[in-house]
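Fold and geometry: a report
Each chain is listed here by its residues.
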Amino acid sequence: MASRERPQQTLVEAKTVVPSVTDRLVRRQRLDQTLAALLEEHRIVGVWATAGAGKTTAVRQGVLALDWPLAWLTLDASDAAPGRFLEYLRAAAARVSTQAPTGGLVLGSQITHFEAAALLAETLPAERLVIVLDELERIADSPTALEVLSGFLRYLHPEHRVVLIGRREVASEAINRLGFGAVGRLGEDQLAFSPDEAATALELRGIEHVDPGRVVEATGGWVTGVLFEAWKSREHVGGSGGEADPLAGYLGAEILDGLDADEREFLIRTSLFDEVTDARAEALNELDARRLMRRLQARHLPIIWRREGEVMRCHPRFREYLRSLLDGRDPALSRELHYAFGLMLEHEGHHEGALEALLALGRTADALGPASHALPAAIARLDLDLAQSWLDQFAAVGFNHEAFLMRAQLAISVARENFREAVEMADALRSMGALDPAEPENCVFAAWVYWHVGRLDDARAILAEMPAGDGRDVIRHVLSLTGEDAPESIPQLSDGPLDAFTLRISFARGRLDDVLNAPVSRWTPASSERASALRARGDLEATRTMLSEAPGALANLRFEGTVAVELMIDLRQEQAAREALVRARKRIHQSGSLVLETVGRILAAKLELRLRRDPETALAILRGIETGTPFRAYRYLQDAIDTWAGYALLLQEHNDEALARLRRATASMVRADRVLELSTAAVYLAEAEALNGSDELAEQAAKLALATASRQGSRYALLQGLDDFPSVLARQIESEVDHDGPWREIGRSMATRGQVRVLSPAPIAHLRDLGIPALVCAGEERRARITKSYALLAYLLEHEGRASRTELLAALFDFRQDDSTRAYLRQAAQTLRAILPEEIVLLREADSFLLDGASKIETDTMRLRARLSSALTLIGDSRLRAAQTVLDEHRSAVYLQGVNCPWVEARREEIDTMLMTARIDTAVVAIQSHRYAIAQGLLADVVSVDPLREQAWRLLMRVSAAQGFDDLVIDTYRRCEGALASVGLAPSASTRLLVEGLRR
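The following refers to the structure shown. Sequence order sets the numbering: in each chain, residues are counted from 1 along the sequence as written. Thresholds applied to this predicted model are a pLDDT of at least 70 for local features of residues and 80 or more for the giving and counting of side-chain atom pairs; totals over whole chains, interfaces and linings are not thresholded and use all residues. As a convention, hydrogens and water are excluded, and side-chain values are obtained from all of the structure's heavy atoms.

To continue, consider helix H43 (residues 819-835). Strands here are runs of E lasting at least two residues and helices are runs of H or I lasting at least four, both read from the DSSP assignment and numbered beginning at the N terminus. What a helix is expected to span follows from its residue count: subtract one and scale by 1.5 Å. The terminal C-alpha atoms of H43 lie 25 Å apart, and with 17 residues this matches the ideal 24 Å at 1.5 Å per residue to within 8%. In what follows, a contact means two residues having at least one pair of non-hydrogen atoms within 4.5 Å. In the core, the buried residues of H43 are packed alongside strand S9 (774-777), strand S10 (780-782), helix H41 (788-798), helix H42 (805-813), strand S12 (841-845) and strand S13 (848-852). Polar contact is defined as a pair of N or O atoms within 3.5 Å, subject to the rule that within protein one atom must be able to donate a hydrogen and the other to accept it, and that residues adjacent in sequence are counted only when both atoms are side-chain atoms. Its side-chain oxygen at 3.2 Å from the backbone nitrogen of Ser820, Asp818 defines the N-terminal cap of H43.

See the structure below:
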């Protein structure tokens, strides 16, 4: 048998090759042109039609005619598992991109299938190419598979084109976001044969003396009906296309009955395989397979033949009909065939198919072999539900004590953050000596869960047994959070599955750059870690956007229990923060993680302090942690408790106890090199030392806060501490001699932060208020016929959703209060109501207007302020790049362009001033980074618009002096002097001193 078999295609190859078609093919230029036009106009084209409508053939011919790079994937029912679908999608993409990732996902990385699909899309070359997904109905009922599709479609380059083929239209979140009309459609009517095409098809098949028009009328132009003569069937309903399913009736009764008995039997039995070879047929006891295949090749059947007749592939609907006949056979015979089918799949290396076939038959012992290969593969690509279902089937019959099955259960429990169950598996594996130090991943998983549940001695015992290498280094890194000293070394990323654990601990230690600069790969970093680092650096807008653009993609326990809560606290969304805490608390308790439970309680205290300024409640929570859990073994948690308890005690004026707490926290953080919130703790310590009368120690603490911020590349934690105790900043500014020194710069940043409006965590509408205004709801642009409606909406949003009629008339109509302006205001309000989404309502209460749901609307200006604020928290090149990006994007921005009224004009001046200040601050950063050309350009923009900005002139002098242009220093001073003289002013003493000092 094997000696006669040619090497078969692998399953991946079979699914990613462009399908073969019959030699007797009708060329349909009409369809080629239609598809080409759709692909030119639309990024996605859906080809939705019933079985046998010629979808695959039409698309195949149409895309090949375009001569673009082509990736093709034919789906089947097993692809409903998201990881498997992603694996095949990656294989298809590899045919058009050498950059496509070559491996699967990895347990422990927490990277989701959505993220991995997005990453895959971004690796494709930014050029015109086509991706075809065929038989999409196979995954239509799998939300997880559709999430993969959404991630892939959303992040494709605009030049990429996608064709989706299916028997029914498939809804996807990414497709829905594109809006109506953004997706092209090719349907039943367009695919149907015209009389001329039917005539050509009949002629190619040697059918003469038949009226093509009558055939088209009888079949509705249904391609399979024409090709296989369904128009002859008495059962066929004329004009019904494929919907009446004559393939099951006509082909079953007319064609199968016209075959010899052994030919019929061969087709029915081999229908288990999607592609039939003589070796596969012989595995099903069809000993005369080759001869039968030769005979069938001469028949007129809905079958595609490849490799000169050595591979047979039935039309999908025909195969379904044959399978239904097989399922109706004698159960004993059916089981025998399915068993042979499963063994053949195992022999070919299709372990997952073999496993599923054998488990379905109850042949559990036989399934152990393929399971040893299939389980690691499914877990690695995070098809956890699928892998768990296999384990459950083994456990149901007592096959749950095999070591490899227990290791699989450990891995799944870690991925699902079910630490209680994972500990049971780790204990069992250790007791039977099956936790092999030579397999570092399983050892790291075990140490990780022991660390989470408070069993640190067990984690250390595993560490002691580990040989030198990445696994040992990662466990030591994890345990470093419990120690009092800095780690001897930080594990280097190895482009392997343990990198995710390294980055998670790196974040907890405050090494934000390590997380954000880690290469995006299938291993690292997960969105939860990247989102954590972005929030900790103060980029709340990017964090919020990441969350809103990938709902569900960040739903792991750590994100829900920590990052989401901290984001809501930072956004000052108290209700959302409390709801996030409540949602996470139950899951955390069920998980069994002592660490996450403690972190959640610390965050509850932080919420009371930051959002309610309630030290009594916060201290009650923190003292409850100290008396109720063995948290002291985790030094980093003790540091956090001391920090927030110190803050609360300062608010209560218990200064001595606060000072002791804060000295202990900062000393511990410095000694152990844990800097995530060291800047904040040091600010609190500076306040406590000052209250204690220790001015020198207060100065040292403030310097520690500033130095830590510089090391992290962000002043966000520092600024948060200064928000709580602005007196620390005031003292530092008072003692700073340099007018452009770091503390004064921080003071300017604090002023900008105070102007930032709180952004909604999940906006449902966006007011485009920079440029030509419009309201955008769910991707749909809504325009008001009265432009004052935009000013009305913007005013209400800037005033917490409420304003009196008198205020609005003053702001929008220059204090005019007559019948005409009142009527105009009513019309503007009515127009605004018409474009608002239904969740947001404009109400009239007596003499006031109330915008119910105002917090659900964001504006360009809100996002501009938030992005500038985020940029100003950064330091050095990161800040320069971030600020420049924002400033360049808004170089010519006009607030509510085309809308004119006193309030709008005042707002324009405010925004111009804000951008001017940001240019000056960015220029300072550029000077510090020796980027003099950038600084000069920014400052030139400032003085050209506002020549009275003396600070900008001083900075221009510094730029000229730094480049050795002494003459330009004098020239710049004289220009400054002239600009000020035009309004009766003279340069300040500090400016005169500066120019004299630079001249020396």
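Here helix H32 (residues 594-612) crosses helix H33 (residues 615-628) at 165°, and the two axes come no closer than 8 Å. As far as their axial angle goes, H33 and H32 are roughly antiparallel. Two packed elements cross with a definite hand, and for H32 against H33 that hand is left-handed. Facing Thr598, Arg601, Ile602, Ala604, Ala605, Glu608 and Leu609 of H32, the residues of H33 in contact are Pro615, Thr617, Ala618, Ile621, Leu622, Gly624 and Ile625. For this classification, the nonpolar set comprises Ala, Val, Leu, Ile, Met, Phe, Trp, Tyr, Cys and Pro, the charged set comprises Asp, Glu, Lys and Arg, and every other residue, Gly included, is treated as polar. Residue composition of the contact of H32 with H33, by class: 9 nonpolar, 3 polar and 2 charged. Every angle, taken between N-to-C directions, lies between 0 and 180 degrees, and every axis is a line fitted to C-alpha atoms, over only the stretch in contact when it is a helix. In this scheme, roughly parallel covers angles under 35 degrees and roughly antiparallel covers those over 145, while 65 to 115 is roughly perpendicular and the rest are oblique. Helix crossings are classified by the rotation of the near helix relative to the far one: an anticlockwise turn of less than a right angle makes the crossing left-handed, while a clockwise turn makes it right-handed.

So, about the packing of aromatic side chains. Classification of ring pairs rests on two measures: the distance between centres of Phe, Tyr or Trp rings, Trp counted by its six-membered ring, which must be within 6.5 Å, and the angle between planes, read as stacked under 30 degrees, edge-to-face over 60 and tilted in between. Tallying each qualifying case throughout the model produces 15 aromatic pairs. On the basis of an interplanar angle of 75° and a centroid distance of 5.7 Å, the ring pair of Trp451 and Tyr634 is categorised as edge-to-face. One end of the pair, Trp451, is in helix H23 (residues 440-453); the other, Tyr634, is in the loop between H33 and helix H34 (635-651), with 183 residues separating them in the sequence. In textbook terms, an aromatic cluster arises when at least three aromatic residues are bridged by ring pairs, as seen for Phe445, Trp448, Trp451, Phe501, Tyr634 and Tyr636. Only lysine NZ and arginine CZ atoms are considered, and such an atom sits over a ring when it is within 6 Å of the ring centre and within 35 degrees of the ring normal. Geometry around Tyr824 places Lys788 over its ring, the cationic atom sitting 5.9 Å from the centre. Arg907 extends its terminal NZ or CZ atom over the ring of Tyr895, reaching a point 4.9 Å from the ring centre.

Bringing the sheet that holds strand S11 (residues 802-804) into the picture now. The strand order across the open sheet built from 3 strands is S11-S13-S12, with neighbouring strands paired in antiparallel fashion. The two strands at the open ends of the sheet, each matched to only one other strand, are S11 and S12. Recorded for the sheet is a direction-independent mean angle of 20° between the axes of neighbouring strands. Sheet topology note: the S12/S13 ladder contains 5 bridges and is antiparallel. Following the sheet pairing, Leu843 is matched in S13 by Leu850. Set on the sheet, H41 makes contact with S11, S12 and S13; between it and S13 the angle comes to about 80°. Seen against the sheet, H42 touches S11, S12 and S13 and runs at an angle of roughly 85° to S11. Strands are labelled as partners when DSSP assigns at least two bridges between them.

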